[in-house]
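These are the residues of each chain, in order.
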Protein chains: 2
Amino acid sequence: MSFSEATAVNSVEAGHEPGEARWSASIRPGWDIQGNANGGYLLAIGSRAVLAATGRPDIATITGHFLAPGPVGPMEIETSVVKQGKRFGTATAALKLPGGRTMLQVLGAATDLDGTTPIERVESQPPDLPDPDDCTPVEGRDDGFPPPFMNRIDLRLHPEDVFWSEGTSGRLQVRGWFRLREEEPIDSVALVQATDAFPPTAFSGRLPVAWVPTVELTVHVRARPVPGWLRCQFTTRFVTGGFLEEDGEIWDGTGRLVAQSRQLALVPRAD
Amino acid sequence: MSFSEATAVNSVEAGHEPGEARWSASIRPGWDIQGNANGGYLLAIGSRAVLAATGRPDIATITGHFLAPGPVGPMEIETSVVKQGKRFGTATAALKLPGGRTMLQVLGAATDLDGTTPIERVESQPPDLPDPDDCTPVEGRDDGFPPPFMNRIDLRLHPEDVFWSEGTSGRLQVRGWFRLREEEPIDSVALVQATDAFPPTAFSGRLPVAWVPTVELTVHVRARPVPGWLRCQFTTRFVTGGFLEEDGEIWDGTGRLVAQSRQLALVPRAD
């Protein structure tokens, strides 16, 4: 099943108020991690709902608050269009379990990323990475580690950032390559997935935590990428106050920044 | 009028559905910039609504989408609590003009920032700034530049980042000090204000634009600051695809990061 099929939303009906609508979607088997949806995958489904509700082709910016685990199976999505402007369509989306509990609350703006770039100034570089074939593939295993979800996408980690390896730098950083399987084209929704598909920086940084649950993830999409591998980098600078941020940058094969992300994650108490 | 009074929200009534409520608030004269609310001020009012709706003391993370200018005068706010969890209360808020048009759509999570910090690791430094008295105060003028809004807060700019001065570095960076007037204490809502109170980095960076309208602003609050000046830094690295990001860091007098922000702003076409 392609990423496009695994994140599809289908119209159910218009809502009671103007601008409101209901949609159906499913968390597909194999796209879960130990029974629950990967956060990026859940936000990708929410992104499809925002695109469908606003009738625009590309995500410009999307924010998701993660409120409950997303088990494999069907969901209902309620969308509400807040504004249809000239350049952006803005909408909320609530991804709900069959019983009505909200797994993910979304606020996003969709647009047409037509490539107009009036002024360009970039004061940063794409991450320096070995070729994909010289990086470490992350392949899912039936015993759950790495999770089979990793076989739905194609990830290659910078050897210094492989947290289960002896040679890890210990820095709060993860770099690597991302693409979809079978050369499926990457749209803005797949970029959203790419911002939350890599192992957490907390692991390569050797924080004494088993997991870092995402509170909030925001993705800004700057451009549609050209086909091929995406060059990705995730960095954490502040582990403080019981939280950490994870900042992502995604670059395409032309060396252009195509998306930027930041997530706020909880640092569980070690006790 | 204090910042606390200028951002107050008052209960109007419960909404039709459980968890929904309506509130009144006002954009106060003098808190506008040429007739319309400063973005940080508008998101601060939205933050008060999220706190009131969830019954929690501190903003943890808040995202606002700016959809229409906010003129001086009354507004109505509709809130909807999405989840009341153990640690976070999550809510949406729509700040609406009397005619019903939404100025600002908000999604936020509130909490009790009780100071528990299980694991700390900070790989960054607060910005190096001259003492507040050796920085450049930004004082509002009746002719509109700088806007009188600047007299509601107390800003001191790093001399290298004063965009109207000959000595500006030309970097896409603004550093300086922030506090409220008359030693008003700074809560998480005032931190939200501080993340969008300084002149845009686009000005000190000499981009050929007259303004950079905010599409989306997200603020993460890590801790309640100690009283006194806040040390602030705003940086832009990517002006591309017709957008720029502005990343903010706010540190208190103990050298602790208390808030982090990112906004996505439009780069208008120069024609």
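Please read these numbers as outputs of a predicted model, since none were measured by experiment.

J.: Looking at this structure, how should I read the overall build of chain A?
T.: The helix and strand inventory of chain A stands at four helices and 17 strands. For chain A, the spread of C-alpha atoms along the three principal axes comes to 55 × 50 × 40 Å. Here chain A holds 271 residues, and the buried ones make up 61% of them. Counted over contacts in chain A with a minimum sequence separation of 6, partners at least 24 positions apart contribute 65%. Roughly 10600 Å² of accessible area belongs to chain A as shown, and the carbon and sulfur atoms make up 47% of that amount.

J.: Explain the packing of aromatic side chains here, please?
T.: Summed over all chains, the structure comprises 20 aromatic pairs over all chains. On the basis of an interplanar angle of 70° and a centroid distance of 5.6 Å, the ring pair of A:Trp251 and B:Phe238 is categorised as edge-to-face. Of this pair, A:Trp251 sits in strand β16 (residues 243-251) while B:Phe238 sits in strand β15 (residues 238-240), which puts the two residues in different chains. Each of the two residues, A:Trp251 as well as B:Phe238, counts as buried. Ring centres of B:Phe198 and B:Phe234 lie 5.2 Å apart, and the angle between their planes is 40°; on these two criteria the pair is classed as tilted. Separated by 36 residues along the polypeptide, B:Phe198 in the loop between α3 (188-194) and α4 (201-204) and B:Phe234 in strand β14 (residues 230-235) bring together distant segments of the chain. Classification of B:Phe198 by relative accessible area gives buried; the value is 8%. Among the aromatic residues, ring-to-ring pairing joins A:Phe3, A:Trp31, A:Tyr41 and A:Phe149 into one connected group. A cation over an aromatic ring shows up here: A:Arg87 above the ring of B:Phe243, its NZ or CZ 5.5 Å from the ring centre.

J.: Sorry, what's going on with the interface of chain A and chain B here?
T.: Interface size is commonly expressed as the accessible surface area that is lost when the partners come together. Between chain A and chain B, the contact holds 64 residues from the first and 64 residues from the second. Summing both sides of the interface, chain A and chain B together bury roughly 5700 Å²; the carbon and sulfur share of this comes to 59%. The three residues of chain A that bury the most area against chain B are A:Ile119, A:Arg121 and A:Arg222, which together make up 14% of that side's buried surface. For the interface between chain A and chain B, the tally reads six salt bridges. Among the ionic pairs, A:Asp247 bridges to B:Arg262, the shortest N-O distance being 4.0 Å. On inspection of chain A and its partner chain B, the count reaches 30 residue pairs in polar contact (both at pLDDT 80 or more).

J.: Is there a simple way to explain unusual backbone geometry in this structure?
T.: Most peptide bonds adopt trans geometry, and most residues besides glycine take a negative phi value. All names here are of chain B. Residues other than glycine seldom take positive phi values, yet Glu183 does so here, at roughly 55°. Mapped onto the elements, Glu183 comes out in the loop between β12 (173-180) and α3. The exposed category is assigned to Glu183, whose relative accessible area is 76%. The phi dihedral of Arg206 is positive, around 60°, even though this residue is not glycine.

J.: When you look at empty space enclosed by the protein in this model, what are you seeing that I'm missing?
T.: Where empty space is left in the structure can be found by rolling a water-sized probe over the atoms. The tally for this structure, following the rule as stated, stands at one cavity of 30 Å³ or more. Taken as a whole, the largest cavity encloses approximately 50 Å³ of empty space. What lines the largest cavity is A:Glu216, A:Thr218, A:His220, A:Gln260, A:Ser261, A:Arg262, B:Thr218, B:His220 and B:Arg262. Mapped onto the lining of the largest cavity, the elements with two or more residues apiece are β13 (214-221) and β17 (257-266) of chain A together with β13 (214-221) of chain B. In terms of residue class, the lining of the largest cavity is made up of no nonpolar, six polar and three charged.

J.: Is there a simple way to explain the confidence of the model for chain A in this structure?
T.: The predicted coordinates ought not to be read in detail in places where the model reports low pLDDT. In the predicted model, chain A carries a mean pLDDT of 94, and the fraction of residues at 70 or more is 99%. For this predicted complex, the interface score ipTM comes out at 0.96, while the overall pTM is 0.97.

J.: What should I look at first to understand the relation of the copies chain A and chain B in this one?
T.: Each of the two chain copies goes to the other by way of a rotation about an axis and a shift along it. Its rotation angle being 180°, the transformation that places chain A on chain B also includes 0.0 Å of axial translation and leaves an RMSD of 0.0 Å. Look at the turn and shift together and you get a two-fold axis relating the two. Among all residues of chain A, the one whose C-alpha sits closest to the rotation axis is A:Leu107, at a distance of 3.4 Å. Both copies contact each other with a shared surface, as 100% of the interface residues of chain A are interface residues in chain B too.

Rules used throughout
- Residues numbered from 1 in each chain as written.
- Chains lettered and ligands numbered in written order.
- Predicted model: local features only at pLDDT ≥ 70, side-chain atom pairs only at ≥ 80, totals over all residues.
- Heavy atoms only, no water.
- Helix = DSSP H or I, 4+ residues; strand = E, 2+ residues; numbered from the N terminus.
- Buried < 20%, exposed > 50% of the residue type's maximum accessible area, 1.4 Å probe, protein only.
- Contact = heavy atoms within 4.5 Å.
- Areas by Shrake-Rupley, 256 points an atom, 1.4 Å probe, with all protein chains shown as cover.
- Phe/Tyr/Trp six-rings, centres within 6.5 Å; stacked < 30°, edge-to-face > 60°.
- Lys NZ or Arg CZ within 6 Å of the ring centre and 35° of its normal.
- Buried area = accessible area lost by both parts, 1.4 Å probe.
- Salt bridge = Lys/Arg side-chain N within 4 Å of Asp/Glu carboxyl O.
- Polar contact = N/O pair within 3.5 Å; in protein donor to acceptor, adjacent residues only side chain to side chain.
- 1 Å grid on protein atoms, 1.4 Å probe; cavity = no way out; pocket = protein on both sides within 12 Å on 5 of 7 lines; lining within 4 Å.
- Points joined across faces, edges and corners; volume = space filled by probe spheres on them.
- Nonpolar A, V, L, I, M, F, W, Y, C, P; charged D, E, K, R; others polar.
- pLDDT = per-residue confidence, 0-100.
- Least-squares fit on C-alpha atoms with pLDDT ≥ 70 in both.

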